[in-house]
Amino acid sequence: MLAYFLRRLAIAIPTIVLISIFVFALQKLLPGDPLLVLAGEERDPEVLEFLREKYRLNDPIPVQYLTWVGNALRGDLGTSFRTNQQVTELIAEKLPVTLQLAIMSLVFALAIGIPAGIVSAYRKGTVTDYVANVVALSGLSIPNFWLGIMLILLVSVKWQLLPASGYVPPGEDLWQSIRTMLMPAFVLGTALAATLMRHTRSAMLGVLTSDYVRTARAKGLSEKRVVLKHAFRNALTPIVTLTALLFGELIGGAVLTEQIFTIPGFGKLVVDAVFNRDYAVVQGIVLVTAVGFIVMNLLADMAYFLLNPRLRAA
Amino acid sequence: MKNLTFTTAALALMASGAMAQDLRIALQSDADVLDPDQSRTFVGRIVYASLCDKLVDITPDLEIVPQLATEWSVAEDGMSIDMTVREGVVFHDGTPFNAQAVADNIDRSQTLEESRRKSELSSIESVEVTGDYTLTLNLTAPDATVMAQLADRAGMMISPTAAAEAGVDFGLNPVCSGPFSFGERVAQDRIVLNKFADYWNAEAINFDSVTFLPIPDTTVRLANLQSGDIHILERLAPTDLAQAEADEGINVVSAVSLGYQGITFNVGNGENAESPFGADKRLRQAFSHAMDREAINQVVFEGAYAPGNQSFPPTSPWYNADFPIEPRDVEKAKALLAEAGYPDGVDLTVQVPNTTIPLQLMQVVQAMAAEAGIRIEIVSKEFATLLADQSAGDYFASQIGWSGRVDPDGNIHQFVTTDGGINDSGFSHPDVDAALNAARSEADVAARKAKYDEARAILIDEAPLVYLYHQSWITALDAGIEGFTPYPDGMIRLEGVTLSE
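Remember, it's a predicted structure, so these values are computed and weren't measured experimentally. (Residues numbered from 1 in each chain as written. Chains lettered and ligands numbered in written order. Predicted model: local features only at pLDDT ≥ 70, side-chain atom pairs only at ≥ 80, totals over all residues.)

### Structural notes on the overall build of chain B
Thought 1: A tally of regular secondary structure across chain B gives 16 helices and 21 strands.
Thought 2: Taken along the three principal axes of its C-alpha coordinates, chain B extends 90 × 60 × 40 Å.
Thought 3: Here chain B, with 501 residues, has 51% of them falling under the buried criterion.
Thought 4: If you take every contact in chain B between residues at least 6 apart in sequence, the share linking residues at least 24 apart comes to 68%. (Helix = DSSP H or I, 4+ residues; strand = E, 2+ residues; numbered from the N terminus. Buried ≥ 20, exposed ≤ 12 C-beta atoms within 10 Å, placed from the backbone. Contact = placed C-beta atoms within 7 Å.)

Here you go:
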């Protein structure tokens, strides 16, 4: 298992390097001069030239990239053009927010998606199955921003139950923090739940018709035990992979949901940074997100070992 | 009886505002760096209105009034300004404010390499500290715009001690002398300011803290106000006006801005100026005649903005009344087109920022122009790209606006004079240059107005920029907010503002 783990890790490193080159190059390909945005409405040429020197934008692009890598290896991801804040600081500030949103959304997604998937597979072809499918499909098709605004108008404006938007750090007030994050997590969660439900359903369908499930039933085990223990456990592998990938995606930030609920997470930060051509910030976040994604993938692989004894032996 | 005493006491407590009161203000976007010398965003200035005092302020009628400077007088020859500053003022870090602090501040604005204020203060040659609270600004040439510059970021006073210590990183922990001091900032989430107990005008301030929350989505911003999560919302979208006005818990106020919105034609910026519209002013005039400015205001902005045809709004004292907004005249536009040699119509490519409002505006403009035979092709570009192309002359016509400055000079000079810093149009006319340069140094208001009128007459005829409307700063307030005055600069001034729950 250790060898396998190390091998996967070795593959991850070139992936990260390639991603960083790719993102760097893409940003330079974007039309538009970051300094025109940065210099303000007046665009004083003297200021423009100074900033160009300061941020080394006159250097050839490969040199700019190598400078960035050199600094990054020393833990310095640069400074935001826009706010003069250290990128590492910005990431440290946003990562907990993004993680909290990702975890809470995933809780919603799992709590809705998996039971719905199991039930609809078990009652395949019945009204329950169709209803679950329609609900799942709507979860996928309803745009997040629409659902978000509707929830705000209903829950916050009309019923005044939850704060309309914003963010409260859990360290400051845990209860308030969860309350403010409830709606955005639900909005994100429902969309993910739909995907999870569909995958759970198809995995369960495959397993429920297999021989060992029939055997288990023949042994006289309770239906609950057959479905949850024997069938579900074997259907778990694709679900775990999917969950890990979904979580990886969530770490990248959920732009629209963050925008609607004004959550200061990665998504909003990176979009604003792209529009302002805030190169260092985009680069820094992509790096963190890529690492996050790779780590989630690794964890998913590890989970297979725990779930599937046959892999452990190999 | 006992009960009654208790109730009275409780009421008295409430009336005296014993509860710590936090005012929550929603901003349309996040501010940039909080250093008045380096900052460049509109929302940044809204935060400064509570954080940093300026040497002078403006009234809603654009008169310049004392803030940290109590008196000033311009010398006979216009080459210097004597100024007296307020005594007993301290910065948030306890550093005393005096004439030397003013000198240090102007020096920083002029010499800090990252400073965006250099051009605003370029006419100040030196600052002479003549006493603890008196100083003289020596100018390179007579300049009527200096005091107005000092009513904005260039006149914001920051603590010289803190500035010397923090250098270019001052913006991470700004120290000024305004009614509120910097508390904390979480990027894209909030900026918190706390009441400054030693503020010179502390009795006019009724809040213990102010929290600025960037909420970009207009619907969500309004929802926050309706649910009571925020108290003041800046720049309400005109499309939300009806809903906000119908809500009894919300009051809406507005003021016409100092800026303008319109179309800039490329008349002399590179090869693209050779286009039909760049080469022939009759086509640009035709374009202007084809526009129904009132209809644009009604259709796109629910009538909430002000139609315009000059860089100054019709409500401005600098507006040239000899050239009022003309009603739409399609026949005249067609005649001009025919005269210019395009009886069958002419094509025009206009670049537009790729956001909702500019696109809606351009579609209305497109439809109006089409009826006069001007076939507009809309090219929407993301803002940074649009700006770069416009600056490089890589466009034919561009839909872009200006946020506005207090002094008229800031809204016209740099756009249409030959060497103007933002003359993306490439417009050049010796008489306009002469008139606008003269207006810059003319201290007499009537004589100055005459110079602007002179330039305006040429600009209306040449039409390098066709102005369409002036935005209004629409502020939505919780019904409990009292004493709020909207200003044409769009700033939120909290002196005398109260909130009853």
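### Regarding the overall build of chain A
Thought 1: Secondary structure assignment for chain A yields 14 helices and zero strands.
Thought 2: Its helices and strands in sequence order give chain A the pattern α-α-α-α-α-α-α-α-α-α-α-α-α-α, from N to C terminus.
Thought 3: Long-range pairs, those at least 24 residues apart, make up 70% of the contacts in chain A with a sequence separation of at least 6.

### Concerning the sheet that holds strand S7 (residues 134-139) of chain B
Residues and elements named next belong to chain B.
Thought 1: In spatial order, the strands read S4-S5-S7-S6; together these four strands make up an open sheet with antiparallel pairing. Only two strands of the sheet have a single neighbouring strand rather than two, namely strand S4 (69-74) and strand S6 (124-129). Neighbouring strand axes in the sheet, compared pairwise and without regard to direction, differ in orientation by 20° on average.
Thought 2: In the sheet, strand S5 (residues 80-85) pairs with S7 via five bridges, with the strands oriented antiparallel. Each bridged residue has a counterpart across the sheet, and for Met83 the counterpart in S7 is Leu135. (Pairing = 2+ DSSP bridges. Axes fitted to C-alpha atoms, helices over the stretch in contact; angles between N-to-C directions.)

### Thoughts on the nonpolar core
Thought 1: Ile25(B), Val47(B), Val102(B), Met157(B), Ala286(B), Ala290(B) and Ile374(B) are the most contacted members of the largest nonpolar core, which has 207 residues in total.
Thought 2: Here this core gets 15 residues from one element, more than from any other, and that element is helix H8 (residues 174-208) of chain A.
Thought 3: In this structure Met157(B) touches Cys52(B), Asp53(B), Leu55(B), Leu68(B), Phe97(B), Ala101(B), Val102(B), Asn105(B), Cys176(B) and Ser177(B), once residues within four positions along its chain are discounted.
Thought 4: In this structure, Leu38(A), Ala39(A), Val47(A) and Leu386(B) belong to the second largest nonpolar core, which totals 10 residues. (Core = buried A, V, L, I, M, F, W, Y, C linked by C-beta atoms within 7 Å.)

### A look at unusual backbone geometry
All names here are of chain B.
Thought 1: Look at Leu62: it is not a glycine, yet its phi comes out positive at around 70°.
Thought 2: Considering the arrangement of structural elements, one finds Leu62 in the loop between strand S2 (56-58) and strand S3 (64-66).
Thought 3: Even without being a glycine, Ala463 presents a positive backbone phi close to 50°.
Thought 4: Among the secondary structure elements, Ala463 is positioned in the loop between helix H16 (445-462) and strand S18 (465-470).
Thought 5: Residue Ala463 is classed as buried on the basis of its C-beta count, with 23 C-beta atoms lying within 10 Å.

### Side note on the packing of helix H12 (residues 266-275) of chain A against helix H13 (residues 279-307) of chain A
Residue and element names in this part refer to chain A.
Thought 1: The interhelical angle for the contact between H12 and H13, taken along N-to-C directions, is 145°, at an axis separation of 9 Å. In the crossing of H12 with H13, the sense of the turn from one axis to the other is left-handed. Counting all contacts with H12, which are made through Phe266, Leu269, Val270, Ala273 and Val274, the residues of H13 involved are Val281, Val282, Ile285 and Thr289.
Thought 2: Considered class by class, the residues forming the contact of H12 with H13 number eight nonpolar, one polar and no charged. (Left-handed = near helix turned anticlockwise from the far one by under 90°. Nonpolar A, V, L, I, M, F, W, Y, C, P; charged D, E, K, R; others polar.)

### What to know about helix H7 (residues 144-158) of chain A
Thought 1: Here H7(A) is 15 residues long and its end C-alpha atoms lie 20 Å apart, about the 21 Å a rise of 1.5 Å per residue gives.
Thought 2: All of the buried residues along H7(A) are Asn144(A), Leu147(A), Gly148(A), Leu151(A), Ile152(A) and Ser156(A).
Thought 3: Where H7(A) is buried, its residues meet H8 and helix H11 (255-261) of chain A together with helix H6 (218-226) of chain B.
Thought 4: Among the residues trailing H7(A), Gln160(A) stands out with phi positive, at a value near 55°. (Expected span 1.5 Å × (residues − 1).)

### Regarding the interface of chain A and chain B
Thought 1: With 40 residues of chain A at the contact, the number on the chain B side is 35 residues.
Thought 2: Going through the elements one at a time, helix H2 (34-38), helix H3 (45-54), helix H5 (87-122), H7, H11 and H12 of chain A are the ones with two or more residues in the side of chain A that touches chain B.
Thought 3: Considering every element that reaches the side of chain A that touches chain B, the biggest residue donor is H7(A), with five residues.

### Some thoughts on the environment of Gly189(A)
Residue and element names in this part refer to chain A.
Thought 1: Structurally, Gly189 is set in helix H8.
Thought 2: Gly189 gets classed as buried once you count the C-beta atoms within 10 Å, which come to 25.
Thought 3: Sequence separation of Gly189 and Val107 is 82 residues, and the distance between their C-alpha atoms is 7.4 Å.
Thought 4: With sequence-adjacent residues up to four places away left out, Gly189 is seen in contact with Ser105, Phe108, Ala109 and Ile112.

### What about the packing of helix H10 (residues 223-251) of chain A against H13(A)?
A pair of packed helices can be characterised by two numbers: the angle between their axes and the separation between those axes.
Residue and element names in this part refer to chain A.
Thought 1: For the pair H10 and H13, interaxial distance at closest approach is 8 Å and the crossing angle is 165°. What the angle tells us is that H10 and H13 run roughly antiparallel. In terms of crossing hand, the pair formed by H10 and H13 is right-handed. The segment H10 lies against H13, with Leu236, Thr237, Val240, Thr241, Ala244, Phe247, Gly248 and Ile251 engaging Thr289, Gly292, Phe293, Met296, Asn297, Leu299, Ala300, Ala303, Tyr304 and Leu307.
Thought 2: Residue composition of the contact of H10 with H13, by class: 12 nonpolar, six polar and no charged. (Parallel < 35°, antiparallel > 145°, perpendicular 65-115°, else oblique.)

### Let's talk about the domain arrangement of chain B
Residues and elements named next belong to chain B.
Thought 1: One can read the domain layout of chain B as domain 1 (21-33 + 178-257 + 473-499), domain 2 (53-166) and domain 3 (260-470).
Thought 2: The straight-line distance from the C-alpha centre of domain 1 to that of domain 2 is 27 Å.
Thought 3: Contact with domain 1, which involves 10 residues of that partner, is made by nine residues of domain 2.
Thought 4: Considering only residue class, the side of domain 1 that touches domain 2 consists of five nonpolar, three polar and two charged. (Domains from an automatic or database assignment.)

### Observations concerning the sheet that holds S18(B)
Residue and element names in this part refer to chain B.
Thought 1: Pairing is mixed across the open sheet formed by six strands, whose spatial order is S14-S18-S13-S17-S15-S16. In this open sheet, the two edge strands, each paired with only one partner strand, are strand S14 (306-307) and strand S16 (374-381).
Thought 2: Here two bridges tie strand S15 (residues 346-353) to strand S17 (residues 397-402), and the two strands are oriented parallel to one another. Each residue of the ladder has a partner; that of Val350, found in S17, is Ala397.
Thought 3: Helix H10 (residues 293-301) rests against S14 and S18 of the sheet, and its axis sits at about 45° to S18.

### Quick notes on the confidence of the model for chain B
Residue and element names in this part refer to chain B.
Thought 1: The pLDDT averaged across chain B works out to 92; a share of 96% of its residues lies at or above 70.
Thought 2: Across residues 1-18, where pLDDT falls below 50, the model places two contacts with residues more than four positions away in sequence or in other chains.
Thought 3: The ipTM for the predicted assembly is 0.79, set against a pTM of 0.86. (pLDDT = per-residue confidence, 0-100.)

### Here we look at helix H15 (residues 430-441) of chain B
Residues and elements named next belong to chain B.
Thought 1: For H15, which comprises 12 residues, the first-to-last C-alpha distance of 17 Å matches the rise-based estimate of 16 Å (1.5 Å per residue) to within 8%.
Thought 2: Every buried residue belonging to H15 is among Val432, Ala435, Leu436, Ala439 and Arg440, and all of these are buried. Angular distribution of buried residues about the axis of H15 spans 140°; they occupy a single face of the element. Set apart from the buried face of H15 by more than 90 degrees, the exposed residues are Pro430 and Asp431. (Arc of directions from axis to C-beta.)

### Points about the environment of Ser441(B)
Residues and elements named next belong to chain B.
Thought 1: Note that Ser441 resides in helix H15.
Thought 2: Between the C-alpha atoms of Ser441 and Val146, which are 295 residues apart in sequence, the distance is 9.9 Å.
Thought 3: If we skip the residues at most four places from it in the chain, Ser441 touches Gly78, Ala141, Pro142, Asp143 and Ala144.

### Considering the environment of Ile481(B)
Residues and elements named next belong to chain B.
Thought 1: With respect to the element layout, Ile481 can be found in strand S20 (residues 481-482).
Thought 2: Residues Ile481 and Ala148, spaced 333 residues apart in sequence, show a C-alpha to C-alpha distance of 29 Å.
Thought 3: Residues in contact with Ile481, not counting those within four places in the same chain, are His231, Ile232, Val497 and Leu499.

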